[in-house]
There are 6 protein chains.
Amino acid sequence: MRISAFGEVMMRLTPPEYLMLEQTRELRMDFTGTGVNILSNLAHFGCETSLITNLPDNRLGEAAKASLRQLGLGDRWIGQHGNHIGSYFAEMGYGPRPTQVTYQNRHSSSFGVSGAADYDFDSFLEATDLVHICGISLSLTDQTRAAAFALAEKAHSQGKKICFDFNFRPSLNENNEAVFMREQYERMLPYCDIVFGTQRDLTDLLGMKADETLDNEEQFKSLTKTFMDNYDIELFAGTFRIRENGSYYLSGFLFDKNHYVQAEPREIINLDRIGAGDGYAAGVLLGYAEKWALEKTVAFATANGVLAHTIQGDVPLTTRKQVEHIMLHPTVDLIR
Amino acid sequence: MRISAFGEVMMRLTPPEYLMLEQTRELRMDFTGTGVNILSNLAHFGCETSLITNLPDNRLGEAAKASLRQLGLGDRWIGQHGNHIGSYFAEMGYGPRPTQVTYQNRHSSSFGVSGAADYDFDSFLEATDLVHICGISLSLTDQTRAAAFALAEKAHSQGKKICFDFNFRPSLNENNEAVFMREQYERMLPYCDIVFGTQRDLTDLLGMKADETLDNEEQFKSLTKTFMDNYDIELFAGTFRIRENGSYYLSGFLFDKNHYVQAEPREIINLDRIGAGDGYAAGVLLGYAEKWALEKTVAFATANGVLAHTIQGDVPLTTRKQVEHIMLHPTVDLIR
Amino acid sequence: MRISAFGEVMMRLTPPEYLMLEQTRELRMDFTGTGVNILSNLAHFGCETSLITNLPDNRLGEAAKASLRQLGLGDRWIGQHGNHIGSYFAEMGYGPRPTQVTYQNRHSSSFGVSGAADYDFDSFLEATDLVHICGISLSLTDQTRAAAFALAEKAHSQGKKICFDFNFRPSLNENNEAVFMREQYERMLPYCDIVFGTQRDLTDLLGMKADETLDNEEQFKSLTKTFMDNYDIELFAGTFRIRENGSYYLSGFLFDKNHYVQAEPREIINLDRIGAGDGYAAGVLLGYAEKWALEKTVAFATANGVLAHTIQGDVPLTTRKQVEHIMLHPTVDLIR
Amino acid sequence: MRISAFGEVMMRLTPPEYLMLEQTRELRMDFTGTGVNILSNLAHFGCETSLITNLPDNRLGEAAKASLRQLGLGDRWIGQHGNHIGSYFAEMGYGPRPTQVTYQNRHSSSFGVSGAADYDFDSFLEATDLVHICGISLSLTDQTRAAAFALAEKAHSQGKKICFDFNFRPSLNENNEAVFMREQYERMLPYCDIVFGTQRDLTDLLGMKADETLDNEEQFKSLTKTFMDNYDIELFAGTFRIRENGSYYLSGFLFDKNHYVQAEPREIINLDRIGAGDGYAAGVLLGYAEKWALEKTVAFATANGVLAHTIQGDVPLTTRKQVEHIMLHPTVDLIR
Amino acid sequence: MRISAFGEVMMRLTPPEYLMLEQTRELRMDFTGTGVNILSNLAHFGCETSLITNLPDNRLGEAAKASLRQLGLGDRWIGQHGNHIGSYFAEMGYGPRPTQVTYQNRHSSSFGVSGAADYDFDSFLEATDLVHICGISLSLTDQTRAAAFALAEKAHSQGKKICFDFNFRPSLNENNEAVFMREQYERMLPYCDIVFGTQRDLTDLLGMKADETLDNEEQFKSLTKTFMDNYDIELFAGTFRIRENGSYYLSGFLFDKNHYVQAEPREIINLDRIGAGDGYAAGVLLGYAEKWALEKTVAFATANGVLAHTIQGDVPLTTRKQVEHIMLHPTVDLIR
Amino acid sequence: MRISAFGEVMMRLTPPEYLMLEQTRELRMDFTGTGVNILSNLAHFGCETSLITNLPDNRLGEAAKASLRQLGLGDRWIGQHGNHIGSYFAEMGYGPRPTQVTYQNRHSSSFGVSGAADYDFDSFLEATDLVHICGISLSLTDQTRAAAFALAEKAHSQGKKICFDFNFRPSLNENNEAVFMREQYERMLPYCDIVFGTQRDLTDLLGMKADETLDNEEQFKSLTKTFMDNYDIELFAGTFRIRENGSYYLSGFLFDKNHYVQAEPREIINLDRIGAGDGYAAGVLLGYAEKWALEKTVAFATANGVLAHTIQGDVPLTTRKQVEHIMLHPTVDLIR
C-alpha cells in the first residue's frame, strides 16, 4: 500500500544537552511535521511514501527537501514557492522542567500561503492508496483549509483511503472561534476512513455529549461508536498516557466498526518528549496497510510510540526489527 | 526592591556529555558564583539587580563582564583590576558517580586581592535596598574579609537590609582555625537581617549547643530562636535534602521571629548537581522583597530549587512563569 | 555623548566551518542588525548606548534580549510583543564561492508589525544625544516607516542629532516602486545630521544627476555637496572597496560641510564578509562624538571596518585598544 | 538524459578545523566516491540520477543510503549485502602542509566483494541513458572488475552511453602489475563513449608513445587523436593544474572527434583539496547531456571544478545558479 | 605486579547525545578492546601495564597508539603493520531502546593478520608478571589463534600467570563450528590461572553438564569446582546481573580453590551500557595482584563495574579514590 | 641520544573557529609549554624523551599528565603537588587581527611553587643525555630559578649537554629589573652547550654591544662569536622572520664554533601563530643528536618551523616523513 501525506514541514531548532535558549549559541536543525514523521517512520518500515507540501523557493527550502529525502520520503510532489518556513524552538525539558516549545510565525510559511491551486493533487493521488491529512491544516490559514478540503474531496471521490488526525493546538487557534473549528472538522470527517483522536476531541471539538450514566470506558466506547457511525469511520485510534507510581505508561487503543482493543501499557522513558503520537500513528497505519489483527497492530504501535520517546527529535526512525526486538526481548539493553 | 550582591565571580569549565577531564579537549565556559547565581535568578524574576565585584583587567575579565550582563546583572560596579579569575572544573556525575569539582587558585584572583579600598561602596549602596554578602568572602583572604566587613558596616549603618549565607567550604579553610572562622562569623552576624544556613552552621561554626532533651525538630527550632535573638535576625532560611525509597527530595524551611514553615518536599531530578541552594535563596529573597506569606515563599523557593537542579550550570535561569507552572501543573512535561 | 539606535534585531543562523545548509545540522545563532552592530561596537569603545526596538514576547525574545545585553547594549527600551523575529541564514563563502544570505520572513516580525504607538519615544529620547535610524525601516512595512518618521521628527524637534543610512536592499523592496522609496528618503533626510551612503544612493535612490563633465572624484564631490546643502547634512560618510592585483582594499571617505577626506586604503582579509560597513559607521560616530579631526576619524573607522571583516558574525566587537594597535603595529600578528 | 553510475561508496572521516587525527576525538562522517560525487552534482543541476552499488547490510549501510538520498541520488539499485564499507581519514592540510588521506581496508568492502551476479544490471539499464563507470573498479578486486565489464558490455550492446575515468591510484595497485592493468583498460575502453583522463594515463597506463618531435600541445593533441580513434571515443576530457606566481589555476580541456578546447584558467582557492576532478566531470556531463557547445561546457565545468574546491568534503553540491553566478560576477563575494 | 595483555585494539565511533547514525554527521572516536580497558583501569589504579598488539602502519595507527599512551598503557610492544583497524559503531540506547553495536570488518585488521612471528613475546614476557589473553583472539583468525597459543605456552612455561576470559561473541563465530571453538578453549585453558566467565560458558562452550538435582547455586558451585579442578584454575570470576522492581543490579562472584564469595549487589545506572565487565575484571586483578581478601576484592570489583557504567565509552577510567569513595559514601553525589 | 626538558606545563584554552572569548562558551583545552613542545616533536621524530616538571595534585593534573603521555613524553619525572596550573587563553587572529594571548596567574602554579627539593634531579639525569632548560624558569619565581640553577649545575658537572633558550617575555618580568635578569642569564650561560636566541637577546638582555662599524650580518656574526666564546657555547641558533611583498618567510640560522649557516627562507602560512620557534628548536636538536651537517639541520629545522605554523596549537606534531615530504615535494598539497 502506497502511503502519502499532506501537511506542513517545519524547521525545529534545538539547543544541545538540555540547555535553554539563553544558554547556548548552538542549535540543531531538523525538519519535521506530522506528515513528515509518520511517512518517515513508514519508509523505515519499508513502505513507499510521498509527501505533498510546499517549501520555500530558496536554499533553505532545498536543504529541507534534501533532509526529507534522507528521512526516506518521496520528494516528487514537494514544491518550492514562497520564502518562509514555519519554525519552532524546542528547549528540552529534564525531570520536572517541561520541554518548552516556542513557535515562530507559521501563517506566512510557504505551506501557509499555498492553496489548492498550488498543488498537483491529480498526479499525486494517482500514485497513492492512502493519504494522511493533518488536522493542523484546518487551523492554519484559509489557503491550507481550502487545499485540505480539495484534496480530501478528490481523494474520497477516487476511492482512496483518507486518514485524518484532529491535532488541535490551542496556540494555533487563538483567532478561530470554537464553532468555526467545529464546522471545519464536520466538513472534513465525511471524507475520512481512519481518524486519530481522543475522547476530548469528540466532546470539545465536535461538541458530542458523553452518556454520563455509563462508566468511563463504556462512555468512551459509546461515544466513539456514535462518532464512527455518524461519519462512517473505519478505524478510530489514539493513546492513553497513564501515570502510576511516579512513572508514565503509554497504551494505544483502536476501534474498528465492531471491536475495541487496548494495548498492554509500556513504560515511557523520555529522551525527547515530542513525537510519540506520530510513532503510534505510523504503527497503526502499518498494521492497517498490511491487514494485521487489531491486537497485533495496537501492540506494535504502542511499542513504537514508546520507542519514539527514546529518539532525539520528533521523527520516529524505528525499523520493524527494532520494534519487534523490544517486543520480544524487552530487557535486552545492548545488542552486538 | 533593588537587590544587589557582593561576591566572587568564578569561571566554571565543564566537559560536555558527562565526560571526565581526561576524556575530552572541549570545555564549556560559564561564569558563576553565589552572588551571580542569586542575582541572575532575581533578574529573571523581574528585579533590578547589581553586583559589586572585581574581575581581571584583561580580555577574560571583559568576557566575564559581558556574560554577567547577559545573565541580567547590572554591571556598573563591576571593576576590572588584577589579572586572575578563580576557576573550577566540574566533571558532571552520573548515577553513583559523584560530580567532581576541582578548584584552581582562588586566593590570587582579582576578587581575592581586592580590599575595601578597591570598591566604591558608597555609590553602590545608594542604588540598592538589600545587599547579599556571600560567606565565602570571610574564608578567602584578608582583603575579602576586610571588604566584606566594611560593606556590611556601611550598609547596616545606612539602614540597608543585609543578607548573608554561611557557605562554609572546608577546602577553602584548610589554613583557617575553627576559632578564627567563628570570630569572623560573629563579627558579621550583627549586621545581618536575613541568613541562609543549616543547623550544622549554628553548632559547628558558631559553637552553639543544641538542647538534646528535645526531639529533632524542637531542637532545631529552639537553637534557631536563640540564634535569631542573639543577632537580631529577621529571617533564617535553608533546605533539607531528604532521602526516601532511593529518591531525593528538597524541602525548604523558613523562620521569621515568630513562625516556622517547611515546604512540601519535591523530588530532585538532577541534570546538574550544583546550584539548587542559590535557586532556593533567590526564591526566598523574591518572597521577602514582595512581602509574600512565608508559606507562599517557601513553596515557591523550594520549587525553584528543584528546577535549578534541572538546569545545566550553577546559574538558575528560571522565570516566575516557569516556577508557577510546575507548581500548578506538576505533571505537564511538554508545553506548546 | 549618549548614542542610541532604532532598528530591527534579526536572528542570524550560520553553519559552522564554511559548510552549506545541506551539509550540516548544526547552526550558530547570533542576534544582529545595523543598529545592534553599531551600538555594540560603540559600547566596546566605552560609549553609553541603548537600542529601541521590539522583540517577540516569548522565550526567543528573552534570549535575544539577553544576547543584546551581552553585546553591551542598554535594554531599557527593548520591548517584547508579537511572536516572530526576522531571521537569515548565512552560508559562509570561501574563495570564489560567495557568502550566501537567505532571508526568512521579516515583514511579520515583532519589529515589522510595530508602529509608532508601540514605542515610548519620549523617555527614550530624553536619555540620548544622537539616534541612529536604519534605512531598512523605510523599506520594511507601513508600521516601521511610520515609526521611523515619528521618531525622526520628534528627535529633530528636540535638537537631538540624527544619523541615517540608506541601506537599500533590493530584495526587501521588490514590492516598493522606486518613486515610492524616493519619497520616503526625501521625507526622512531633512531631519538628518549624519548620513551614510554611496554615490549610487544619491543618483539611483534620490534621482540626483552627476555632472558628467567632471572627473569621477569631482563628480562625486559636487554631487555630495549639492546633497548636503539640500538637506542641511552635517556629515556624509561611506566606504570604497578597491580591487588591486587580486586583493581588495577598504578606504573610507568623509565629507563635512567644507572638507573631504579619504583614508589610506587597507587590505581586506575576510573571515566574515558581512558587517564591515557597520564597523566603519561605528568608527565615524565615535570620532564625531569625541570631536576628532576628520583625518583621524576616517583612518580609525577604516581600520575598524577592516577589523570587522576578521571577526565572525556581523557584530564588530573591536575595542579602541585593538584598533589603535593595528594602526600603530600593522605587522604584529601575535600579542602576548 | 537520465544519468547513472556504478562505483564504490566510501565513508570519509574528517577531523574538524584542520586538526590532525592525534589532536581530536571528533570526526565528521560523509559518504563519497567518484560516482556519488558526480551524480550528486548532476542531481543538484536538476538531472535524474541513480547509483548502482552495494552497501553493508547493517545500520551503517542504512545510514549511508539515507545520506546518498539526501545528496539527491536515486537509491533504487543500491543493494545491501556484506558488512563492511571502505573508509578513509582525511586530515585536512593547510598552507604547505598537505592534506593527508589514510585509507582503511577497501578490498573486503560490500562493493569489493560484489560481483556481476550481485547486481540487477538489466532493470538498472532500462532506467538510464548514460552510465558512468569508475576506473577504480578495475583496480579493486576480481569481483569489481567482473562486474564492471559485465555492465559495460551490457550497456554498450543496448546502445547506452558509457563514461569512464582512468582514476588510477598507485596505492590501490601495489599488487597489480602494469601489464595487468593495461589489459583491463584495453578491455574496457572499446565500450566507452566519454573518457576522463590525462596525457599520463595514455602514456603510462596504456603505453602509448608521444611524438616527441612535436611541441607539448601538439604532442598531446596527436596522442589524444590516436587514442580516440583507436577506441572510437566521442569525448575525451580532463584538467590542467597550472602554477603561476605562487598561485594555482584550474583549466579544463575537452576533445571531441574534431575539436580541442581549453578553458580560461581560474584561480584555485582551496577549502578542501579533494573533489575538484569530479566537479569538472559533472560539468562536462551536464554539457554533454544538454548538447552545449564545447566552449560553454568547458568553461562551466572549469568554474564548477574551482567551486568544488571551496566546498567541504568531496561531494560538489553546486547548483547551476551558483556556477553561473561566479561566471557572470566573479568579484561578488556576498549575495543577499 | 606488572600486568600486561594481548588483544585487539578497536576503533569505536559513537554519535553524540544518544543520536542514531542516520541522525548525525559527528562521531566521537575512541580506541578500546578488552585488554585496553582492563590495563587502562589498572594503570589508573597505579599498576605498571603494557599491551602487546599490532596497529596499522599509518597515521591512524599512530593516533591509536597515542591514545593508548594517554590511557596509561605502556606502548613498547605495540607494533605497527598492516593497514586496517577493526571498528565498531555504538548507537547509544536510551530507556527501552537498546544500545546497538555495528561491527566493521575485524578479520583483515592489523591484529587479525598478525601471527606469532609478528610479536616479540620473549622480551615482552620478561617485563611482565601476569598476562591477560582475551578469548576473542580464539575466535578471530588462524593467526590470532596461533599467536594466542604461542604466547600462552611460552608464558606458562616461564611461570608467568595467565588470565583468560571466554568473551564469546556469536557474531564473530558465525563460521566457526561449536566443536571447533570447544577445542580452542580446551587447548587454552590448561595454561590459565585466572578465568573470567559465566555458567553458560562452561555448559555451552565447554559442553560441561550441570547436575540438575542440585539447586541453582549448588549447581553452579559444583560445575565451577569441576571446571577449576580440570584445568587447575586458581581463580574463576564473573558477574550476575539481577533485575528487581524494574531496576538492575550488578553482583560479582569469585571462586578460589576453596571459597565462593558473591558481592552485595549494587544498582546499575547506565550512562554507557558497554564496558562494565572489563571494570569488574580490572578490580579482580587489582585484588589478586595485591593479595586482598576475596571479600574485599569482590566488593571493590563490583563497585568498579557499576562505576564503569557511569562513564562514557568502554574504558573504565576510575581511580582507587573514586571506587573507595562510592563504597564509603554511596549517597554523596557532589564532591568539592 | 635521550633528550629531556625542565619547564612549565601550561593549559591553553582556545575558542573554536577564530571566535573571540566574548563570542563563545566553548573552549578547546591543550597542554603546552616550551619543553612540552620540543619534546613532543622530538618524540614524533622517534627520540626517547622525558619531561621533569610538577603538575597539580588533583584531577586536572592527572588529565594534563595523560595528555603529555599522549604527546609522546615520558612521564616518569612528572610530579604532582600544589593545586594550580598556569593557563592562557588564545584568541586566534585572522588577517590583520593579531592572535591575542591572555595569561592567567602563573606564579602560584605547581611549577611556580616548586624548588629544587621538589624534584629528583639525580635519577632524572641518569636517564638523559641532553636536557633543555627553558629560560622562562629564570623569570618566574625564586623557586623556579633555584631549581633551574640546581639542575644546570648538576647536569653540567655530570657532563650532560644543556640546551637553553632566552625566551624572555616582558609580561612575565614586569617586576624584575633588567640588571636582575642579566645576572640570572649570566649565571646560567656558563653551564650551557646549546643556546637559542636572537641578536636582541645578546644586546638587550646581556648588555653586549654590537660593533656598529660592521654591516648587519657581520655585526651579528661578531657579536655571536664573542658570546659563544665568552660562555663556551657549542651551538647558537635562532630564526629570522622576513617580510617581502606582503608575505612572511621563516629562515633559521645556526652557528657552531666555526661556521654560520642560514636556511633558504620558506613562506609562512599561519593556521596558528604560536609555536614555530619550538618547531625550529626541535629540528635543530634532532640534527644535533644525529650529528647532521649544519646545512641539513638548518634546512630541516626551518621546514619544520614552517609546518608548525600550519598545525593547530603550540605543539608541533610533525613526523620526519612529513618534514622530508615538504622538503622534497613542496608543491604537493594532497597525499593519498
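Report on the accompanying structure. A quick note: this is a predicted structure, and the numbers were derived from the prediction, not measured.

### As for the interface of chain A and chain C
Counting from both sides, the interface comprises 29 residues of chain A and, opposite them, 29 residues of chain C. Buried area between chain A and chain C, both sides added, is near 2700 Å², and the carbon and sulfur share of it is 50%. The tally of links between chain A and chain C comes to four salt bridges. When the shortest N-O distance is used, the salt bridge between Glu91(A) and Arg59(C) registers 2.3 Å. Along the contact surface separating chain A from chain C lie 16 residue pairs in polar contact (both at pLDDT 80 or more). In terms of residue class, the side of chain A that touches chain C is made up of twelve nonpolar, ten polar and seven charged. Pairing between strand S3 (residues 26–32) of chain A and strand S3 (residues 26–32) of chain C: three bridges, direction antiparallel. Among the inter-strand pairings, Leu27(A) is bridged to a residue of S3(C), identified as Leu27(C).

### Overview of the sheet that holds strand S6 (residues 87–91) of chain E
Spatial strand order, S15(A)-S7(E)-S6(E)-S2(E)-S3(E)-S3(D)-S2(D)-S6(D)-S7(D)-S15(F): ten strands in an open sheet with mixed pairing. This sheet does not close on itself; its edge strands, each paired only once, are strand S15 (334–335) of chain A together with strand S15 (334–335) of chain F. Together, strand S6 (87–91) and strand S7 (99–103) of chain D together with strand S2 (10–14) and strand S3 (26–32) of chain E form the strand contacts of helix H2 (residues 59–70) of chain E, whose direction differs from that of S3(E) by roughly 70°.

### Looking at the relation of the copies chain D and chain C
Note on the copies: chain D fits chain C at an RMSD of 0.0 Å, the axial shift is 0.0 Å, and the rotation between them is 120°. Both copies are brought into coincidence by an operation consistent with a three-fold rotation axis. In terms of C-alpha distance to the rotation axis, chain D has Glu17(D) as its closest residue, with the C-alpha 4.1 Å off the axis. When the interface residues of chain D are mapped onto chain C, a mere 12% of them are again interface residues, pointing to distinct binding faces.

### Remarks on unusual backbone geometry
Even without glycine at this site, Asp232(A) takes up a positive phi of about 55°. Summarising the element assignment, Asp232(A) is placed in the loop between helix H8 (216–231) and strand S11 (235–244).

Here is what the cut-offs are and how they apply
Per-chain numbering applies: the sequence of each chain, read as written, is numbered from 1 onward. The naming scheme follows written order: chains are lettered A onward, ligands numbered 1 onward. Under the rules for a predicted model, residues below a pLDDT of 70 receive no local features and side-chain atom pairs below 80 are neither given nor counted, while totals for whole chains, interfaces and linings still include all residues. Side-chain measures here rest on the full set of heavy atoms in the structure, leaving out hydrogens and waters. By the convention used here, residues are in contact when the closest approach between their heavy atoms is within 4.5 Å. Each of two parts loses accessible area, computed with a 1.4 Å probe, when they are put together; buried area is these two losses added. Each reported salt bridge corresponds to a side-chain nitrogen of Lys or Arg within 4 Å of a carboxyl oxygen of Asp or Glu. Polar contact is defined as a pair of N or O atoms within 3.5 Å, subject to the rule that within protein one atom must be able to donate a hydrogen and the other to accept it, and that residues adjacent in sequence are counted only when both atoms are side-chain atoms. Amino acids outside the nonpolar list (Ala, Val, Leu, Ile, Met, Phe, Trp, Tyr, Cys, Pro) and the charged list (Asp, Glu, Lys, Arg) are all regarded as polar, and Gly is one of them. Between any two strands, pairing holds if DSSP finds at least two bridges. Runs of H or I in DSSP of at least four residues are treated as helices and runs of E of at least two as strands, each being numbered from the N terminus. Axis definition: a line fitted to C-alpha atoms, over the contacting stretch in the case of helices. Angles run 0 to 180 degrees between N-to-C directions. Least squares is the method used to superpose the copies, on C-alpha atoms of residues holding a pLDDT of at least 70 in both.

All we've got here are geometric facts, nothing functional implied.
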